[in-house]
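# Report on the structure
Residues per chain are reported as follows:
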Amino acid sequence: VFKATLDEGFDATIHEVALYSLEANAGAGEYGSRLITSFDSDTETWLQASNPATYTTTNTRVGADSVQLAVSANGSATVTQSGTLVDLGGYSAADEIVFAFYCDNGNASSIRFRFAPDAANYYDFTIPASSITTGFNIVRVLKGSAIATGAPNWSTITSLEVTVSAKSIGAVTVNLEGIRV
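Residues numbered from 1 in each chain as written. Predicted model: local features only at pLDDT ≥ 70, side-chain atom pairs only at ≥ 80, totals over all residues. Heavy atoms only, no water.

### Let's talk about the confidence of the model for the protein
In the predicted model, the protein carries a mean pLDDT of 88, and the fraction of residues at 70 or more is 83%. Within the model, the stretch residues 20-26 combines pLDDT values under 50 with five contacts to residues more than four positions away or in other chains. (pLDDT = per-residue confidence, 0-100. Contact = heavy atoms within 4.5 Å.)

### Here's the deal with the packing of aromatic side chains
Taken as a whole and assessed by the stated rule, the structure comprises eight aromatic pairs. Ring geometry for Phe99 and Phe125: centres 5.7 Å apart, planes at 55 degrees, overall tilted. Remark: Phe125 occurs in strand β9 (residues 121-128) and Phe99 occurs in strand β7 (residues 96-103); sequence separation between them is 26 residues. Aromatic side chains Phe115 and Trp154 sit 5.8 Å apart centroid to centroid with 55 degrees between the ring planes, which places their arrangement in the tilted category. Remark: Trp154 occurs in the loop between β11 (147-149) and β12 (157-166) and Phe115 occurs in strand β8 (residues 108-118); sequence separation between them is 39 residues. Here Phe115 matches Trp154 in class, with each residue buried. One aromatic cluster in this structure is built from Phe99, Phe113, Phe115, Tyr123, Phe125 and Trp154. Arg61 extends its terminal NZ or CZ atom over the ring of Phe136, reaching a point 3.4 Å from the ring centre. (Phe/Tyr/Trp six-rings, centres within 6.5 Å; stacked < 30°, edge-to-face > 60°. Helix = DSSP H or I, 4+ residues; strand = E, 2+ residues; numbered from the N terminus. Buried < 20%, exposed > 50% of the residue type's maximum accessible area, 1.4 Å probe, protein only. Lys NZ or Arg CZ within 6 Å of the ring centre and 35° of its normal.)

### A closer look at the nonpolar core
Grouped together as the largest cluster of nonpolar side chains are 38 residues, with contacts concentrated most on Phe99, Phe101, Phe113, Phe115 and Leu176. When contributions to this core are tallied by element, the ones reaching two or more residues are β5 (66-71), β6 (76-86), β7, β8, β9, β10 (135-142), β12 and β13 (172-180). With five residues, β12 is the largest single contributor of residues to this core. For Leu176, the residues in contact, after removing those within four places along its chain, are Phe39, Ser66, Val67, Leu69, Val79, Ala100, Phe101 and Val162. (Core = buried A, V, L, I, M, F, W, Y, C linked by side-chain atoms within 4.5 Å.)

### Quick notes on the side chain of Asn107
With respect to the element layout, Asn107 can be found in the loop between β7 and β8. Among the residues examined, Asn107 registers a relative accessible area of 15% and is labelled buried. Within the structure, Asn107 has its side chain in polar contact with the backbone oxygen of Ala171 (distance 2.9 Å). Among all residues touching Asn107, those that are not within four sequence positions of it are Ser165, Ala166, Lys167, Ile169, Gly170, Ala171 and Val172. (Polar contact = N/O pair within 3.5 Å; in protein donor to acceptor, adjacent residues only side chain to side chain.)

### With respect to unusual backbone geometry
For residues that are not glycine, phi is negative in most cases, and the peptide bond is trans in most cases. Located in the positive-phi region is Ser50, a residue other than glycine, with phi close to 70 degrees. With respect to the helices, strands and loops of the structure, Ser50 is situated in the loop between β2 (47-48) and β3 (51-52). Using a relative accessible area of 69% as the deciding quantity, one classes Ser50 as exposed. Despite not being glycine, Asn74 has its phi angle at roughly 65 degrees, a positive value. Along the chain, Asn74 falls in the loop between β5 and β6. For Asn74, a relative accessible area of 61% translates into the label exposed.

### Some words on the pairing of β12
Most of β12 is tucked away, with nine of its ten residues classed as buried. Where β6 meets β12, eight bridges bridge the pair, whose relative direction is antiparallel. Bridging from a neighbouring strand, Ser76 pairs with Ser165 of β12. As defined by bridge partners, β8 adjoins β12 across eight bridges and the pair is classed as antiparallel. Looking at the pairing, Arg114 lines up with Glu161 of β12. (Pairing = 2+ DSSP bridges.)

Shown next as structure tokens:
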């Protein structure tokens, strides 16, 4: 909760991001609520097919900018961030992972978030079209609902990958805002 005194005649728009948790849980130690990624070019390097990802400030609510994926009809686009160790091993299957993103229309068929120690072993969370709305989205999933391929380990995640797929009826643009646990 934020509190401020505003001058009379002040005109502003306030948006709730809903990506940030309440108070930190001191009993959780290293495994309290935290931001995993903000998709911000100032602090992170995201690649799309070995090239720098496209960033945008339009509709950005977390950080200075966000990764933007523009996908043609019936196509898909993927961005990857590698080389950063993310230890999620201390979180339980009942802990929530929160994904925040902006979708410009109803043409997204799915968004897949992948957490991987290596290319052969990974966890996937797939958000289906039925859970994606036009505008800002905050999607909460249980850590335990991830689909595992191979023998991944939550304690040694070194790569994050996001794939946006479009329906055959038209193109879609998705701005990635953040992931929090």
